[in-house]
Amino acid sequence: MSKYLVIANWKMNPSTKKEASSLAHEIEQRIGGFYNTKIVIVPPFPFFDAVKSSIKKAALGAGNIFWEEKGPYTGEVSPLQIRDMGAEYVILGHSERREHLGETDEVINKKMQASLKAGLSAILCVGEREREGNDIPPIVGDQLAEGLRAVKKQFLKNVIIAYEPVWAISTNKGARPDTPDSAFRANLFIRKIITGLYGRKAANEVRVLYGGSVRRENILSFLTEGNMQGALVGGASLDPREFVEIAAIASRAEKK
Ligand code: PGA
């Protein structure tokens, strides 16, 4: 297993297939030799084929799925369909979906179960909207426990947690990056909740990523001081040079 996972969350960008291909191509061309860092590109569904055919070293992921395998669910996309398109990862419960689509923990949990059943690695996003003081708010624990409800321990190896404090996501008004120290505390908090659910060994093995205004300037401190096992990168992933630099820094990073 690679030491770090660096994910390009393109969200609903770019606008054309041509741009998507060229972005993926530029990333792919620059990521040779990143032996301990795995790169995942998460494009919009319509660009899956174009991106998939531009990448070899990087893996493909989806920003969402529906919880059924097939059937009368107009406009939805199933885990089996994205598997068939070559995706290995899926992001679940991103704060933008919680906010704009009203996704609840219950819905996210259904998607979690369906993703794992289909053999995908599921990236569960958790994070508070506001933060007062240093403590990680209990809502983060609730999102974790609800998102993982009824997920059996043997599936935990396919679960990745992304801690994304909503107030630190670059496109949100007044966004400000979190500190590595706070990320470290969030990591401990997440592992404590997972220890309560699955035991210490399982909790130590779960990968926790940091997301929220990750840039070339701050990635190293989130990985080393923050003890994160990778990053979910939004805005900066649309600039292939910066994204690859973030991944390159990860691949050279050593834990303290
Ligand atoms: P950002 O987005 O890197 O632009 O803050 C992160 C995310 O929302 O996944």
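None of the values given here were measured: they were computed from a predicted structure.

A. Region of the structure containing the site of the ligand. Inspection of the region around the ligand gives 14 residues, with Lys11, His94, Glu164, Ser170 and Ser213 positioned closest. In this structure, Glu164 approaches the ligand through a side-chain N or O atom, which is 2.7 Å from an oxygen atom. At 2.8 Å from an oxygen atom of the ligand is found a main-chain nitrogen or oxygen belonging to Gly234. Burial of the ligand by the protein chains amounts to 100% of its free accessible area of 280 Å². For the shell around the ligand, a count of residues per class yields 4 nonpolar, 7 polar and 3 charged.

B. Representation of the pattern of salt bridges. With the rule as written, the count across this model stands at 15 salt bridges. For Arg131, the salt bridge goes to Glu128, with nearest N and O atoms at 2.8 Å. Neither residue differs from the other here; Arg131 and Glu128 are each classed as buried. A salt bridge links Arg131 to Asp178, with the shortest nitrogen-to-oxygen separation between them at 4.0 Å.

C. Region of the structure containing the sheet that holds strand β3 (residues 59-62). Strand order around the closed barrel formed by 8 strands is β1-β2-β3-β4-β5-β6-β7-β8, with parallel pairing between neighbours. The sheet shows a mean angle of 25° between the axes of neighbouring strands, taken without regard to direction. Inspection of the sheet shows strand β2 (residues 37-42) paired to β3 by 2 bridges, in the parallel sense. The partner of Val40 across the bridge, within β3, is Ala59.

D. Seen up close, the packing of aromatic side chains. Tallying each qualifying case throughout the model produces 5 aromatic pairs. With a centroid separation of 6.2 Å and 55° between ring planes, the pair formed by Tyr163 and Tyr210 is classed as tilted. You can see Tyr163 sitting in strand β6 (residues 159-163) and its partner Tyr210 sitting in strand β7 (residues 207-211), a full 47 residues away along the chain. Tyr210 carries the same exposure label as Tyr163, and that label is buried. The rings of Phe66, Trp67 and Tyr73 are connected pair by pair, giving a single aromatic cluster.

What counts, and where the lines are drawn
- Residues numbered from 1 in each chain as written.
- Predicted model: local features only at pLDDT ≥ 70, side-chain atom pairs only at ≥ 80, totals over all residues.
- Heavy atoms only, no water.
- Near = heavy atom within 4 Å.
- Polar contact = N/O pair within 3.5 Å; in protein donor to acceptor, adjacent residues only side chain to side chain.
- Areas by Shrake-Rupley, 256 points an atom, 1.4 Å probe, with all protein chains shown as cover.
- Nonpolar A, V, L, I, M, F, W, Y, C, P; charged D, E, K, R; others polar.
- Salt bridge = Lys/Arg side-chain N within 4 Å of Asp/Glu carboxyl O.
- Buried < 20%, exposed > 50% of the residue type's maximum accessible area, 1.4 Å probe, protein only.
- Pairing = 2+ DSSP bridges.
- Helix = DSSP H or I, 4+ residues; strand = E, 2+ residues; numbered from the N terminus.
- Axes fitted to C-alpha atoms, helices over the stretch in contact; angles between N-to-C directions.
- Phe/Tyr/Trp six-rings, centres within 6.5 Å; stacked < 30°, edge-to-face > 60°.

By themselves, these figures tell us nothing about what the structure is for.
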